[in-house]
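Working through the structure, step by step
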Amino acid sequence: MSAQIPDTCVAQYSCGTNIPLWIPDGHPRVEDGVITRDVCGNWKNYCCFHGSFPIKVKACPGNYYIYELVSPTACHSAYCAGVKSSTTIALTISTVHPSVDPCHNYTVLDDPWRANSSQPSNPSYKFDQSVTWSGWYRLFLNGLSAQIPDTCVAQYSCGTRFPLWIRGGHPTVQDGVVARDVCGHAVNYCCYYGSFPIKVKACPGNYYVYELIQLTLECLQNLLKQIENITAQELPVTTVTNILNLVFNTLEKIVESSSLSTELASYGNRLLEANEKLISTLVKPTDTSDYVSFTLAAVEAEVFMVGPNVTLEKIPRLNTTNSSVDIDLIGIAKNNNETRSAAVAFMSYNTMENLLKPDFFNTSNNTIKTMMSTVISATLPKTTNTKLTKPVNFTFKHIREFVPSGSLSCVYWNISEWIVDGCSVLKTNSSYTVCSCVHLSTFALIMQTSHPTESDSLMELVNLVCVIVGLVFFSLALLTFALCQWSPGVNNVARINICISLLLAHLLFLLTQRFLSLIRPQQVLCAVISGLLHFLFLSGFVWMFIEAVLLFICVKNLSQISSIKREVLSSGFLCVIGYLVALVVVCVSVGLVPEGYGSEHCWIKMDKGFIWSFLAPVCIILALNMILFICIIISLNSSLTKLNAEVSQLKKNKIMVFKTLAQFVVLGCSWILGFFTNGSKELEILFLILNSQQGTFIFLIYCVLNHEVRQQYRKFFRCLCCVKQH
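These figures come from a predicted structure and were not determined experimentally.

1. Concerning the overall build of the protein
- Within the protein one finds 15 helices and 25 strands.
- By the burial criterion, 47% of the 726 residues in the protein qualify as buried.
- The long-range share in the protein, meaning contacts at least 24 apart out of those at least 6 apart in sequence, stands at 67%.
- Within the structure as shown, the protein displays about 36,500 Å² of accessible surface, and the carbon and sulfur contribution to it stands at 59%.

2. Focus: the packing of aromatic side chains
- Per the stated rule, a full pass over the model turns up 12 aromatic pairs.
- Arranged with centres 5.5 Å apart and planes meeting at 50°, the rings of Phe473 and Phe699 form a pair that is tilted. Placement of the pair is Phe473 in helix α5 (residues 454–483) and Phe699 in helix α14 (residues 694–704), with a sequence separation of 226 residues.
- Note on Phe699: relative accessible area 11%, which makes it buried.
- Three or more aromatic residues joined by ring pairs form one cluster here, namely Phe537, Phe541, Trp603 and Phe614.

3. Things to note about the sheet that holds strand β24 (residues 432–437)
- Spatially, five strands are ordered β15-β16-β20-β24-β23 in an open sheet, and the strand pairing comes out antiparallel. Edge positions in the sheet fall to β15 (318–319) and β23 (423–428), since each of these pairs with one other strand and no more.
- Relative to strand β20 (residues 392–397), strand β16 (residues 323–326) runs antiparallel, the two being bridged by four bridges. In the sheet register, Val325 faces β20, and the bridge partner there is Phe394.

4. A few points about the state of the cysteines
- Applying the stated criterion across every chain yields a total of five disulfides.
- With a sulfur-sulfur separation of 2.2 Å, Cys423 is cross-linked through a disulfide to Cys437. An S-S torsion of about 120° defines the bridge between Cys423 and Cys437 as right-handed. Separated by 14 residues along the polypeptide, Cys423 in strand β23 and Cys437 in strand β24 bring together distant segments of the chain. The burial state of Cys423 is the same as that of Cys437; both residues are buried.

5. Observations regarding the environment of Pro20
- Inspection of the secondary structure puts Pro20 in strand β1 (residues 19–22).
- Excluding anything up to four places from it in sequence, Pro20 contacts Val10, Ala11, Gln12, Tyr13, Ser14, Cys15, Cys40, Gly41, Asn42, Ala78 and Cys80.

6. Quick look at a nonpolar patch on the surface
- A cluster of nonpolar side chains, contributed by Val576, Leu580, Leu583, Val584, Val588 and Leu592, occupies part of the molecular surface with about 540 Å² of accessible area.
- Among the structural elements, Leu580 can be located in helix α10 (residues 571–592).

7. Considerations on the nonpolar core
- Grouped together as the largest cluster of nonpolar side chains are 59 residues, with contacts concentrated most on Phe294 and Trp418.
- Sorting elements by how many residues they give to this core places helix α3 (residues 261–280) first, with eight residues.
- The contact partners of Phe294, leaving out residues within four places of it in the chain, are Val237, Val240, Thr241, Leu244, Ile279, Leu282, Val299, Glu300 and Ala301.

8. Side note on the pairing of β20
- Where β20 and β24 come together, six bridges link them in antiparallel fashion. The partner of Lys397 across the bridge, within β24, is Tyr432.

9. Some remarks on the pattern of salt bridges
- This model, assessed by the stated rule, comprises five salt bridges.
- Salt-bridge contacts for Glu31 lead to Arg29; the nearest nitrogen and oxygen are separated by 3.6 Å.
- For Arg29, a relative accessible area of 51% corresponds to the exposed category.
- Arg29 is paired through a salt bridge with Asp32; the nearest N and O atoms lie 3.4 Å apart.
- Taking the relative accessible area as the measure of exposure, Asp32 reaches 35% and is therefore partly exposed.

10. A closer look at α14
- With eight of 11 residues buried, α14 lies mostly within the body of the structure.
- All of the buried residues in α14 are Gln694, Gly695, Thr696, Ile698, Phe699, Ile701, Tyr702 and Cys703.

11. Observations concerning unusual backbone geometry
- Look at Cys15: it is not a glycine, yet its phi comes out positive at around 60°.
- Here Cys15 is to be found in the segment before β1.
- The class for Cys15 is partly exposed, based on a relative accessible area of 41%.
- The phi dihedral of Ile415 falls on the positive side, at around 70°, and the residue is not glycine.
- With respect to the secondary-structure elements, Ile415 resides in the loop between β21 (407–413) and β22 (418–419).

12. Let's talk about the side chain of Ser323
- By the secondary structure assignment, Ser323 is in strand β16.
- A distance of 2.7 Å separates polar atoms of two side chains, one belonging to Ser323 and the other to Thr320.
- With near-sequence residues (within four places) excluded, Ser323 lies in contact with Leu318, Phe346, Ser348, Thr374, Ile376 and Thr395.

13. Quick look at the packing of helix α6 (residues 493–514) against α10
- At a closest axis distance of 11 Å, the pairing of α6 and α10 adopts a crossing angle of 35°. The chirality of how α6 crosses α10 is right-handed. Contact with α6, carried on its side by Val493, Asn497, Ile500 and Ser501, involves Ser571, Leu574, Cys575 and Tyr579 of α10 and no other residues of that element.
- Each residue belonging to the contact of α6 with α10 can be placed in one class, and the counts come to five nonpolar, three polar and no charged.

14. Examining the confidence of the model for the protein
- Here the protein averages 78 in pLDDT, and 78% of its residues register 70 or above.
- The spread of mean pLDDT over the elements of the protein runs between helix α9 (residues 563–568), the lowest at 43, and strand β19 (residues 375–379), the highest at 95.
- Predicted confidence for residues 85–99 stays below pLDDT 50, and this span has 32 contacts to residues more than four positions away or in other chains.

15. Considerations on the environment of Asn625
- Relative to the helices and strands, Asn625 resides in helix α11 (residues 612–641).
- Asn625 gets classed as buried once you look at its relative accessible area, which sits at 1%.
- Through-space distance from the C-alpha of Asn625 to that of Ile546 is 9.3 Å; in sequence the pair is 79 residues apart.

Procedures and definitions
- Residues numbered from 1 in each chain as written.
- Predicted model: local features only at pLDDT ≥ 70, side-chain atom pairs only at ≥ 80, totals over all residues.
- Heavy atoms only, no water.
- Helix = DSSP H or I, 4+ residues; strand = E, 2+ residues; numbered from the N terminus.
- Buried < 20%, exposed > 50% of the residue type's maximum accessible area, 1.4 Å probe, protein only.
- Contact = heavy atoms within 4.5 Å.
- Areas by Shrake-Rupley, 256 points an atom, 1.4 Å probe, with all protein chains shown as cover.
- Phe/Tyr/Trp six-rings, centres within 6.5 Å; stacked < 30°, edge-to-face > 60°.
- Pairing = 2+ DSSP bridges.
- Disulfide = S-S within 2.5 Å.
- Patch = residues over 30% accessible without salt bridge, like charges linked within 9 Å, V, L, I, M, F, W, Y side chains within 5 Å.
- Salt bridge = Lys/Arg side-chain N within 4 Å of Asp/Glu carboxyl O.
- Core = buried A, V, L, I, M, F, W, Y, C linked by side-chain atoms within 4.5 Å.
- Polar contact = N/O pair within 3.5 Å; in protein donor to acceptor, adjacent residues only side chain to side chain.
- Axes fitted to C-alpha atoms, helices over the stretch in contact; angles between N-to-C directions.
- Left-handed = near helix turned anticlockwise from the far one by under 90°.
- Nonpolar A, V, L, I, M, F, W, Y, C, P; charged D, E, K, R; others polar.
- pLDDT = per-residue confidence, 0-100.

See the structure below:
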């Protein structure tokens, strides 16, 4: 029987194709001769979502038609034909018409577009998608009344890939409200893509208002239902990616308006099922092996297929940007006795945590749950026997700051919650975690951390007060060393530099913690600060060692030090040693582990043992100091037994040994206490007080307990009182 191309909408997936093509403007009469007709393709719930190149039609005597056909623009589309017109399934868009004329009831959008500089004579515009849709709008550009173009707009104009325009021109005032199809320019065809139709009205005053429509939840559910009902066994990659793009773009709008956890979980389940259905259509029969992959803004996917004649010993690792999987697909294929083939689909979702939230991980302890990875899915589509031959290993790259004190869990999605059954952590560091699972599903990596307690605010207050007090006493000690007159035999170079190093270190640390919220996002600045803190604290310990060496030399030579020794121990030489050693340690640390600086608190990171770049030199210096002090005590005892006439010098040396030993205990041993805190609040507070009061201890030991300094203090205060009296 004579047939014709339908001139009404054809159901999606009809005519043995994904996008059935039809002509929207009807057939001609015999007297019309040869006419040109646009071609539409039904897709994504819109009868003219896809366009194709126009064709020519002629009505012939005898009640039949002939067509001059051209190749369709999309490989997954085809012309339909039927004896009668196909059933129309055009999408109905519900709109609420205002009770008054839309020309007097619209929203003003001022400058929501960008002019296309490449076509100044016919400017085109881009609508800002952040605007709330659904309603009548009047458009302005730079304060002037503007309109949506009604002629074709060049592809890649308006800051987008597919610029939209309305087909059929603008109405007149007398036409009232009219509906207009929306076209998108792509693949060298002005109406390759369509969008949902909009309503337009011309208003007195030579301007137009547009009723723009928002995607609705019903639209999303309808789309997911169509995906679930797909009967095609194989689909092109372009078709699958187009559908996924629409799904995720629509879903993003819907999620913003939904806050119920049950709704989010329900959307997540349906989305996972729809994605798995779509990805399965990429699996094709193969004798050896085949591979398909794509990357979208919201999802990445890799599909690997093996056949009975596969030559690989094992398939390569499947990788996405933030995750990877190792699976024994060859072994699974061998267990499929009938086909000896298998396929694995690996997907990584960048926005799925908005639906499958980490709070769905129900644990007995009250902790903060953080999604440390993208959500991934692994399935075995079109595989008869899906039993795993060995556990599957997933590698997750951490997408958020790793907290060493947190607890990591490899979890999988079970309809309404995240659970850990069958999954475990194989190994982890600050950058990634490897999980092993005995089944396939949808997986993620969740970290649990403790809630901040009230004692944390107390710790912050204690830290602030103690550090400020310590800084004040550091400053007083420096003033004392600089202004007081010391006996010729006293060398204060080491003590002055200890104060300078620790004063700068504590001051920088205090400022960093006060402005941590501003500094932390600047990764480079945070790393530089942690490196500088490393250098300053280390230089303080090096100067402690120099102080012990000077004391040892002084005790060993109770008589005046020779001129050669004075040259060797000159202030310039000591300064070079005091700061160069610390600088070398920091430079070597940066060279070996450049990412070791810049922790959550802008200090040295604890993972990979990098903290030992600080602790190891500290332990070595403390051990050497201990050896020197033992040697000093032995030397003093030997001098006492000889009853040397230099009794006063010996007494001074004994006092100096006591002070330096006290300095060693206070400044050095307090850091050792940090090894034993282990979360104990009492030990943490003690550690904080001892380390923040280093300036106070130096001031007490070398200034307050020094008889000569006290005498000069009294003299200074007497002079000050005399000045006030006069």
